[in-house]
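In case you want the letters, here they are:
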Amino acid sequence: MVDPPALDRWDATAAASIAALLVVAYVLVPDPTVQYGTWLVIFCVWMAWFVSFGARWLYGP
């Protein structure tokens, strides 16, 4: 089986952006509407990362 690709700066950027979004939604602006919107954006970021990582895994760099 093929090994998964190494994590790179785009993976770190996705993780850092999700952490920043959670800080904004739960510390800076703790409003339920903002939190809901934040989780929608986090889902979109995760899906983009998932597709990107899967493509790198299947097709190489």
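Heads up: the structure comes first, above all this text.
Undergrad: Any chance you could explain helix α2 (residues 32-59) here in plain terms?
TA: One full turn of an α-helix is made of 3.6 residues, so residues set three or four places apart face in the same direction. The terminal C-alpha atoms of α2 lie 40 Å apart, and with 28 residues this matches the ideal 40 Å at 1.5 Å per residue to within 8%. Among the residues of α2, Gln 35, Thr 38, Ile 42, Phe 53 and Arg 56 are the ones counted as buried. On its buried face, α2 sits against α1 (9-28). One or two steps after α2, the chain reaches Gly 60, where phi turns positive at roughly 85°.

Undergrad: I keep staring at the pattern of salt bridges and nothing clicks. Help me out?
TA: Charged atoms that come close allow side chains of opposite charge to pair. For the structure shown, the criterion picks out 2 salt bridges. Among the ionic pairs, Asp 8 bridges to Arg 56, the shortest N-O distance being 3.5 Å. On the criterion of sequence distance, the pair formed by Asp 8 in the segment before α1 and Arg 56 in helix α2 is long-range, its members being 48 residues apart. Overall, Asp 8 belongs to the partly exposed group, its relative accessible area being 31%. Taking relative accessible area as the criterion, Arg 56 reaches 18% and is therefore assigned buried. When the shortest N-O distance is used, the salt bridge between Asp 11 and Arg 56 registers 2.8 Å. Pair noted here: Asp 11 is in helix α1 and Arg 56 is in helix α2, with a separation of 45 residues, a long-range link. Bridged by salt links that share partners, the residues Asp 8, Asp 11 and Arg 56 form one connected network.

Thresholds applied
Residues numbered from 1 in each chain as written. Predicted model: local features only at pLDDT ≥ 70, side-chain atom pairs only at ≥ 80, totals over all residues. Heavy atoms only, no water. Helix = DSSP H or I, 4+ residues; strand = E, 2+ residues; numbered from the N terminus. Expected span 1.5 Å × (residues − 1). Buried < 20%, exposed > 50% of the residue type's maximum accessible area, 1.4 Å probe, protein only. Contact = heavy atoms within 4.5 Å. Salt bridge = Lys/Arg side-chain N within 4 Å of Asp/Glu carboxyl O.

Interpretation note: all reported values are geometric properties and have no functional meaning in isolation.
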